[in-house]
Amino acid sequence: MAKRLVVANWKMYIERHETAAALAKELKRKLSKLTGVDVVLAPAFPLIPAVSMAVRKTSVRIAGQTLSKFEDGARTGEVSGLMLKNSGASAVIVGHSERRAEGESDEDVRAQIKQAGAAGLRIILCIGEAEREASGAHFSLVADQLRRALSGEGRPPASKLVIAYEPVWAIGKSAAFAMKPAEVEESVLYIRKILAETYGRAEALRIPVLYGGAVEPENAGELIADGGVSGFLVGHASTDPAAFLRILTAAASRKQDPHP
Ligand code: PGA
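Residues numbered from 1 in each chain as written. Predicted model: local features only at pLDDT ≥ 70, side-chain atom pairs only at ≥ 80, totals over all residues. Heavy atoms only, no water.

1. Remarks on a positive patch on the surface
So the rule is basically this: Note that patches include only residues with greater than 30% relative accessible area and no salt bridge, and the join distances are 9 Å for like charges and 5 Å for nonpolar side chains (Val, Leu, Ile, Met, Phe, Trp, Tyr). Methods summary: accessible areas were calculated by the Shrake-Rupley approach with a probe of 1.4 Å, and residue burial reflects only the protein chains presented. Salt bridges are identified by distance alone: a Lys or Arg side-chain nitrogen within 4 Å of an Asp or Glu carboxyl oxygen. His is not counted, nor are the chain ends, whereas Lys and Arg count as positive and Asp and Glu as negative. Charge positions come from single atoms, namely NZ of Lys, CZ of Arg, CG of Asp or CD of Glu. Only runs of H or I of at least four residues qualify as helices and only runs of E of at least two qualify as strands under DSSP, and these elements are numbered from the N terminus.
Residues Lys25, Lys28, Arg56 and Lys57 make up a contiguous surface patch of positive charge. Secondary-structure assignment places lysine 28 in helix α1 (residues 17-31).

Structure, rendered in structure tokens:
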């Protein structure tokens, strides 16, 4: 049975490497008792070496929060896939809605995926609608995001891909505003259908589909039990060790296999 996967997106919440390393160490201590869930921490770029050092010799993995769409060269301010890899990351978040809101297009996302793949990084691809429409039009937006990101020569193999479904309207809110498990399940089934077009059904089932957007200890249990998800992408609640641990404990629960 596949392990659940939980990614902590620290955004710009954690700013000092001492704080980041202390949080990582605390998680490392508590995680030793928790099996059944893989954890990935995504600190800001300058914190990656400290966090990676703090969790070395554990199963905790490190991800970048984004990467350059370029490989190398005269690109002031950019961070390449190889730089991420060399500083201790083995994965990278791509296409987060907060970056799409700053102007990243599907084309950029596709170029980033190609670079991430070339550097050997696992890709955590974020998709999600800005609004939920009664007509169901948001489903085609999600399908377009997926198809555009995964088309062309840079398409990652299923083993290197994670999908994070994050309805933009839920991000940063409290659990009461998160998507309900039945709606999450509906979206996840739809995403799996689109993935199957590209990868075939058997391969598509190997791709973890996470839910993100207002995941807190209060709703993590029901989302795992009834949302059909393989795990979570957690923002604000991942910076509070007690809250994050409760989410991890819920995610590790074996009540339901995420892969039908
Ligand atoms: P949130 O953020 O958990 O704070 O809603 C999730 C995300 O943006 O990845």
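2. Thoughts on the packing of helix α7 (residues 181-199) against helix α9 (residues 217-226)
Two numbers describe a pair of packed helices, the interaxial angle and the distance between the axes. Rules: Between the N-to-C directions of two axes lies an angle of 0 to 180 degrees, each axis being a line fitted to C-alpha atoms and, for a helix, fitted only over the stretch in contact. Oblique is the label for any angle not under 35 degrees, not over 145, and not in the 65 to 115 range, which are roughly parallel, roughly antiparallel and roughly perpendicular in turn. In this scheme the handedness of a crossing depends on how the near helix is turned from the far one: anticlockwise by less than a right angle means left-handed, clockwise means right-handed. Note on contacts: a residue pair is in contact if any heavy atoms of the two residues lie within 4.5 Å. Gly falls in the polar group here, along with every residue not listed as nonpolar (Ala, Val, Leu, Ile, Met, Phe, Trp, Tyr, Cys, Pro) or charged (Asp, Glu, Lys, Arg).
Across the interface, α7 lies against α9 with an axial gap of 9 Å and an inter-helix angle of 45°. Looking at the two axes, α7 sits oblique to α9. In this structure, α7 meets α9 at a crossing whose hand is right-handed. Of the residues in α9, those in contact with Pro181, Ala182, Val184 and Glu185 of α7 are Glu222, Leu223 and Asp226. A class-by-class count of the residues in the contact of α7 with α9 yields four nonpolar, no polar and three charged.

3. Regarding helix α10 (residues 241-252)
Our working definition: Given the number of residues in a helix, its expected span is that number minus one, multiplied by 1.5 Å. For every residue, the accessible area obtained with a 1.4 Å probe (protein chains only) is divided by the maximum for its type, and the residue is called buried under 20%, exposed over 50%, and partly exposed between those limits.
Here α10 contains 12 residues, and its C-alpha end-to-end distance of 16 Å stays within 8% of the 16 Å for a straight helix at 1.5 Å per residue. Taken as a whole, α10 has its buried residues at Ala243, Phe244, Ile247, Leu248, Ala250, Ala251 and Ala252.

4. Side note on the packing of aromatic side chains
Here is the rule we go by: Any two of the Phe, Tyr and Trp rings considered here, Trp counted by its six-membered ring, make a pair once their centres fall within 6.5 Å; the pair's planes then place it as stacked at under 30 degrees, edge-to-face at over 60, or tilted in between. We call a charge positioned over a ring when the NZ of a Lys or the CZ of an Arg lies within 6 Å of the ring centre and within 35 degrees of the ring normal.
For the coordinates displayed, the defined rule picks out two aromatic pairs. Plain terms: the ring middles of tyrosine 165 and tyrosine 211 are 6.5 Å apart, the flat faces sit at 55° to each other, and that makes the pair tilted. Placement of tyrosine 165 in strand β6 (residues 161-165) and of tyrosine 211 in strand β7 (residues 209-212) is noted, with a sequence separation of 46 residues between them. Summarising the burial analysis for this pair, tyrosine 165 and tyrosine 211 share the class buried. The ring of phenylalanine 70 has arginine 75 sitting right over it, with the charged end atom 3.6 Å from the ring centre.

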